[in-house]
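What the coordinates show
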Amino acid sequence: VGANDGMLHGFDARVGTTAATNGGDELFAYVPNSVFGNLIELTDPAYSHRYYVDGTPRVSDVWISGSWKTMVVGTTGAGGKSVFALDVTNPSSMSSNSVMWEFSHPDMGYTMGQPALVALPNEKFGVIVSSGYHDNAPQDGKVWILDAVDGSIIRQITLPTTGNLGSPLASDTDYNQVADRVYVADTLGNVWRIDLSGSNPSSWGIPSSLGNDPLFVAKDGNGDRQAI
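I will try to describe carefully the structure that is included in this document. (Residues numbered from 1 in each chain as written. Predicted model: local features only at pLDDT ≥ 70, side-chain atom pairs only at ≥ 80, totals over all residues. Heavy atoms only, no water.)

Mapping Pro115 onto the fold places it in the loop between β6 (99-103) and β7 (116-119). For Pro115, a relative accessible area of 0% translates into the label buried. On a C-alpha basis, the gap between Pro115 and Leu169 in space is 8.3 Å, while along the polypeptide they are 54 residues apart. Apart from residues lying up to four places away in sequence, Pro115 is in contact with Thr56, Arg58, Val73, Thr75, Val127 and Ile128. (Helix = DSSP H or I, 4+ residues; strand = E, 2+ residues; numbered from the N terminus. Buried < 20%, exposed > 50% of the residue type's maximum accessible area, 1.4 Å probe, protein only. Contact = heavy atoms within 4.5 Å.)

What follows is the structure in structure tokens.
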């Protein structure tokens, strides 16, 4: 769970309070690099509330580097502009080596949305994240598909919208446990569809049948757009 003390905390969720179960004990805490410089403000006697690591993390088992591991991918939410990944396969023995990577980008806003962590058609596991929320309207929207191993960009997809983007939802439409479609909505009422068609990431994007148009636009009875 992320917290506005600047840390992502990992707790033992097993029921019980004996030494054998350690129920409720904190196992580790991690401070993302993008909020580290702001920690000193917590000691200011005149401190007023600010956000730090209030994003909701995603946890999943992934096959990387020849073995199964458990990853947690967290966001800084309204407190920063980054996504980070930890190897929590052995949560009781965490160290600096458990930090896998942290990703940011000049076009990334506040990472309010929960990332997706899925198997991809190119036989890799990936993290899918949107460009999030900005203080001012962005020129366009971005969806990044990152390599779960090191956070490198597998594919960057540009969406023609000045709205802020929410959480990307990955979908497996042919039931083979591999993501082949992504949906993401924005604050202008657009729902965007991205197809992950084939093993070559360069072919992933808005399907040609839609051109550069959204899949759906939410409007009220007067025709005014409704933020999603």
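Picking up after the structure, the text goes on.
Our focus in this paragraph is the sheet that holds strand β5 (residues 83-87). Each strand in a sheet pairs with its neighbour through backbone hydrogen bonds, running either in the same direction (parallel) or in the opposite one (antiparallel). The strand order across the open sheet formed by 4 strands is β3-β4-β5-β6, and the pairing between neighbours is antiparallel. Here the strands that pair on one side only, and so sit at the sheet edges, are β3 (58-64) and β6. The mean inter-strand angle of the sheet, taken between neighbouring strand axes irrespective of direction, is 25°. The pairing of β5 with β6 spans 4 bridges and is classified as antiparallel. What sits directly across from Leu86, in β6, is Val99. (Pairing = 2+ DSSP bridges. Axes fitted to C-alpha atoms, helices over the stretch in contact; angles between N-to-C directions.)

Attention shifts here to the nonpolar core. Ranked by internal contacts, the top residues of the largest apolar core, which has 19 residues, are Leu120, Ile128, Val143, Ile145, Leu159, Ile194 and Leu196. Elements supplying a minimum of two residues to this core: β7, β9 (141-147), β10 (153-159), β12 (181-185) and β13 (190-195). The element that contributes the greatest number of residues to this core is β10, accounting for 3 residues. Excluding residues that lie within four positions of it along the chain, Ile128 makes contacts with Pro115, Ala116, Val118, Val143, Trp144, Ile145, Pro168, Ala170 and Val182. Listed in part, the 17 residues of the second largest apolar core include Val62, Ile64, Met71 and Met108. (Core = buried A, V, L, I, M, F, W, Y, C linked by side-chain atoms within 4.5 Å.)

On to the pairing of β12. Regular strands place side chains that alternate from one sheet face to the opposite one. Where strand β11 (residues 169-171) and β12 come together, 3 bridges link them in antiparallel fashion. Considered in β12, the bridge of Ser171 is made with Arg181. In terms of strand pairing, β12 meets β13 through 5 bridges, oriented antiparallel. Bridge pairing in β13 links Ala185 to Val191. Connecting β12 to the next strand, β13, in antiparallel fashion are 4 residues, including Gly189 with a positive phi near 90°.

On their own, these measurements won't tell you what the molecule is for.
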